[in-house]
Amino acid sequence: MVTRLGIIGISEGNGHPFSFSAIINGYSDEGLAASGWPGIHDYVRRRDPSEFGFVGFRVTHAWTQDPVVTRKLCEACQIAHAVARPADMIGNVDAVIIARDDFEIHFQLAIPFLEAGMPVFVDKPLSVELSELKAFRKYLESGKLMSCSGMRYARELDEPRASLADYGEIRLVRGAVLNSWEQYGVHLADAILNVVTSRPVSVVSLDSPHMSVAAQMDDGSLLQIDALGTVAKCFRIDIFGTKKNTAHEITDNFSMFRRALWHFTQTMVTGKTAIDPEHILTVMRLLIAGRIAKSEGRKVSLNEIQI
């Protein structure tokens, strides 16, 4: 028996519907080459065939807001059905993947499927609206909703995740990323908080031409994330401990996406949450606190942000 997945996208600059669907279904080389996403085509064609597919799962339906893009997505990733509206998937698929990072529309897209009792994966960030996060909470806790950045599963962070004690006392973790705080700072926040055991207590916005946020952690260490805006591609994390320092440039999109999708499929196999709901909500609270700190020019306690 095959679990039928629906894929929903697309947003500007984000080709996740193509990469996610290719990882699950495999792909047409000709179709993906013609898709308009040469970077995705380049990295998937370098992978071994054994790395594609999950037994018992297949993307069978697709929707984007542009029928031309939907057709290219179906041709590239061997998806049988293009639908005219996301709601047309209800009753025809078993779960959906909302693979677009324009968080302003996540709630509108996700809630009909969640209310229908279907498992849903929402690309990062889940939301930065408190009312939406409060409504999402029960679905996170029930295991019906999963949301993360694929970077929480980055292969390049396997070593510190497995041997954090080797670093001694963590003094500073610093990350730098291109683009915006909400859509790209979340990559680093999710990844870093999946490595360290400490949690943010308060944040300040640093005086900088870009979005720069420093978070005081509950163990006394400092987390700094810089969302650099329009710069050359950059996903970098530095970890400084009393015994060891390491630098990590994260480049392997395929592995992180495949791992994230595997964890989503496992929520359907086991019925258990893949990610602690409090982790997801803490990442969102950090994003919200950073926005407030920037706009109001003050230190913001995460306790102010109740979800």
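The rules behind these values
- Residues numbered from 1 in each chain as written.
- Predicted model: local features only at pLDDT ≥ 70, side-chain atom pairs only at ≥ 80, totals over all residues.
- Heavy atoms only, no water.
- Pairing = 2+ DSSP bridges.
- Helix = DSSP H or I, 4+ residues; strand = E, 2+ residues; numbered from the N terminus.
- Contact = heavy atoms within 4.5 Å.
- Axes fitted to C-alpha atoms, helices over the stretch in contact; angles between N-to-C directions.
- Salt bridge = Lys/Arg side-chain N within 4 Å of Asp/Glu carboxyl O.
- Buried < 20%, exposed > 50% of the residue type's maximum accessible area, 1.4 Å probe, protein only.
- Disulfide = S-S within 2.5 Å.

**A look at the sheet that holds strand β7 (residues 170–177)**
Sheet strands associate in pairs through backbone hydrogen bonding, adopting either a parallel or an antiparallel arrangement.
Inference 1: What the seven strands build is an open sheet, ordered β12-β11-β7-β10-β9-β8-β13; its pairing is mixed. On the outer flanks of this sheet lie β12 (245–249) and β13 (300–301), each paired with one strand and no other.
Inference 2: Sitting on the sheet, helix α8 (residues 181–193) is in contact with β7, β8 (200–205), β9 (211–217), β10 (222–227) and β11 (235–241), with an inclination near 150 degrees to β10.
Inference 3: The sheet contacts of helix α10 (residues 277–296) involve β8, β9, β10 and β13, and relative to β8 the element is tilted by about 30 degrees.

**Structural notes on the pattern of salt bridges**
Inference 1: Within this structure, the stated rule accounts for 23 salt bridges.
Inference 2: Between Asp 238 and Arg 236 there is a salt bridge whose closest N-O contact spans 3.1 Å.
Inference 3: One salt-bridge network, in which partners are shared between bridges, spans Arg 47, Glu 51, Arg 155, Glu 156 and Asp 252.

**A closer look at the side chain of Arg 100**
Inference 1: Inspection of the secondary structure assignment puts Arg 100 in the loop between β4 (95–98) and α5 (106–115).
Inference 2: Note on Arg 100: relative accessible area 5%, which makes it buried.
Inference 3: Ignoring sequence-local partners within four residues, the contact set of Arg 100 consists of Ile 8, Gly 9, Ile 10, Ser 11, Asn 14, Trp 63, Gln 65, Ile 105, His 106, Leu 109 and Asp 123.

**Side note on unusual backbone geometry**
Inference 1: In the segment running from Gly 9 into Ile 10, the intervening peptide bond is cis, with an omega of 25 degrees.
Inference 2: Among the secondary structure elements, Ile 10 is positioned in the loop between β1 (3–8) and α1 (16–25).
Inference 3: Here the phi dihedral of Gln 78 falls at roughly 55 degrees; this positive angle occurs in a residue that is not glycine.
Inference 4: Residue classification places Gln 78 among the partly exposed residues on the basis of a relative accessible area of 37%.

**Let's talk about the state of the cysteines**
Inference 1: Applying the stated rule across the entire model yields zero disulfides.
Inference 2: Its sulfur unpaired, Cys 148 is 19 Å from the next cysteine sulfur, which belongs to Cys 77.
Inference 3: For Cys 148, a relative accessible area of 3% corresponds to the buried category.

**Considerations on the environment of Glu 129**
Inference 1: Position of Glu 129 among the secondary structure elements: in the loop between β5 (120–123) and α6 (130–142).
Inference 2: Taking the C-alpha atoms as reference points, Glu 129 and Val 231, separated by 102 residues in sequence, lie 28 Å from one another.

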